[in-house]
Amino acid sequence: IPLYVGKVKAHEQIKEIVCKNIMEYGTPKSWNCSVNSSFGQNNSWLYDIVSLYQDNYQEYFSSVNVSANVRVHDIWYNHYTINQFQEKHHHLPCDISCIHYIKLHPNHFGTTFVNPCSLLNSSNKLMNDKSPHTFTPYVEEGDIIIFPSYLEHFVKKQEIDEERITISWNCILSDVRGLTTEPT
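Residues numbered from 1 in each chain as written. Predicted model: local features only at pLDDT ≥ 70, side-chain atom pairs only at ≥ 80, totals over all residues. Heavy atoms only, no water.

Some thoughts on the packing of aromatic side chains
Summed over the entire model, instances satisfying the criterion amount to seven aromatic pairs. Arranged with centres 4.9 Å apart and planes meeting at 85°, the rings of Phe-39 and Trp-76 form a pair that is edge-to-face. In this pair, Phe-39 sits in the loop between strand E2 (36-37) and helix H2 (44-47) while Trp-76 sits in strand E3 (residues 66-80), placing the two residues 37 residues apart along the sequence. By relative accessible area, which is 30% here, Phe-39 ends up partly exposed. Judged by relative accessible area, Trp-76 falls into the buried class, the value being 3%. (Phe/Tyr/Trp six-rings, centres within 6.5 Å; stacked < 30°, edge-to-face > 60°. Helix = DSSP H or I, 4+ residues; strand = E, 2+ residues; numbered from the N terminus. Buried < 20%, exposed > 50% of the residue type's maximum accessible area, 1.4 Å probe, protein only.)

And the structure:
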């Protein structure tokens, strides 16, 4: 699964903008979790920073030998405090999704991804112990994760009383080139 973790060059600039503009919206009604999120709100000011991630897109595409045009479909921030969490979900029908860790204490949990074959592996007694059902990549403040939007993920309950702030967004790809596989 093409999952990318990288550093955001303009992190401090983006962090200043986000922390200055953050508002407490509460949890969106359709979500089954506890997190303060701007999802579904007017986030036009966040679209102004999207161009600052071009290097990260290029690194991601380079790692999978692809080139593509990126159009941001939607963007929002999540602001977690103690005991808040995000339920398991995906970001379909978009193509790729991104998470930038704006504020992340070293004791916070990163995002946990669910193995898309976990049901298949669970039904096969020979695979049960050999294939992990979840994966939590190590991330630090200032990191970005880019991943296919079909990949289910969640955020564990925050156990410390420190803010955890992320920006998340979904992208639609066009003019995708590459994705060729060499015969073995």
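Quick notes on helix H3 (residues 54-63)
Of all the residues in H3, the buried ones are Asn-56, Tyr-57, Tyr-60 and Phe-61. Buried positions in H3, seen along its axis, are confined to an arc of 130° and lie on one side of it. Away from its buried face, by an angle of more than 90 degrees, H3 presents the exposed residues Ser-62 and Ser-63. The inward-facing, buried residues of H3 contact strand E1 (4-7), E3, strand E5 (96-103), strand E8 (143-148) and strand E10 (164-178). Count one or two residues on from H3 and you reach Asn-65, which has phi positive near 55°. (Arc of directions from axis to C-beta. Contact = heavy atoms within 4.5 Å.)

So, the pairing of E1
Side chains Tyr-4 and Gly-6 of E1 all project onto a buried face; the interleaved residues Val-5 and Lys-7 project onto a face where none is buried. The sheet contact formed by E1 and E8 spans four bridges and is antiparallel. In the strand pairing of E8, Lys-7 is matched with Asp-143. (Pairing = 2+ DSSP bridges.)

Points about the nonpolar core
By size, the foremost hydrophobic cluster in this structure holds 27 residues, and its most contacted members are Ile-14, Tyr-53, Tyr-57, Ile-167 and Trp-169. For this core, the secondary-structure elements that each account for two or more residues are helix H1 (11-21), H3, E3, E5, E8 and E10. When residues no more than four places from it in sequence are discounted, the contact partners of Tyr-53 are Val-8, Ile-14, His-100, Ile-144, Ile-167 and Trp-169. Counting eight residues, the second largest nonpolar core, distinct from the first, contains Ile-99, Val-139, Ile-145 and Leu-151. (Core = buried A, V, L, I, M, F, W, Y, C linked by side-chain atoms within 4.5 Å.)

Quick notes on the sheet that holds E5
Spatially, E1-E8-E5-E10-E3-E2 is the arrangement adopted by the six strands of the open sheet, whose pairing is antiparallel. Here the strands that pair on one side only, and so sit at the sheet edges, are E1 and E2. Where E2 lies against E3, two bridges are found, and the strand directions are antiparallel. Directly across from Ser-37, in E3, lies its bridge partner Asn-78. H1 contacts E3, E5 and E10 of the sheet and is inclined by roughly 80° relative to E5. (Axes fitted to C-alpha atoms, helices over the stretch in contact; angles between N-to-C directions.)

Some words on the pattern of salt bridges
One side chain can pair with another of opposite charge once the charged atoms of both are near each other. Summed over all chains, the structure comprises six salt bridges. Here Glu-140 makes a salt bridge to Lys-7, at a shortest N to O gap of 2.8 Å. With a gap of 133 residues between them, Glu-140 in the loop between strand E7 (134-135) and E8 and Lys-7 in strand E1 connect regions that are remote in the sequence. Taking the shortest distance from any N to any O, the salt bridge between Lys-15 and Glu-141 comes out at 2.7 Å. Placement of Lys-15 in helix H1 and of Glu-141 in the loop between E7 and E8 is noted, with a sequence separation of 126 residues between them. Accessibility expressed as a relative area gives 18% for Lys-15, which makes it buried. Here Glu-141 falls in the partly exposed class, since its relative accessible area comes to 29%. Connected through shared salt-bridge partners, Lys-7, Glu-140 and Asp-143 make up one network. (Salt bridge = Lys/Arg side-chain N within 4 Å of Asp/Glu carboxyl O.)

Describing the layout of surface pockets
Using a probe with the size of a water molecule, rolled over the atoms, empty space left in the structure can be pinpointed. For the largest pocket, the calculated volume is near 260 Å³. Surrounding the largest pocket, 23 residues form its lining, Trp-31, Trp-76, His-89, His-90 and His-91 being those nearest its centre. When contributions to the lining of the largest pocket are tallied by element, the ones reaching two or more residues are E3, strand E4 (86-89), strand E9 (153-155) and E10. For the lining of the largest pocket, the element with the most residues is E3, which contributes five residues. Among the residues making up the lining of the largest pocket, the classes are represented as nine nonpolar, 11 polar and three charged. (1 Å grid on protein atoms, 1.4 Å probe; cavity = no way out; pocket = protein on both sides within 12 Å on 5 of 7 lines; lining within 4 Å. Points joined across faces, edges and corners; volume = space filled by probe spheres on them. Nonpolar A, V, L, I, M, F, W, Y, C, P; charged D, E, K, R; others polar.)

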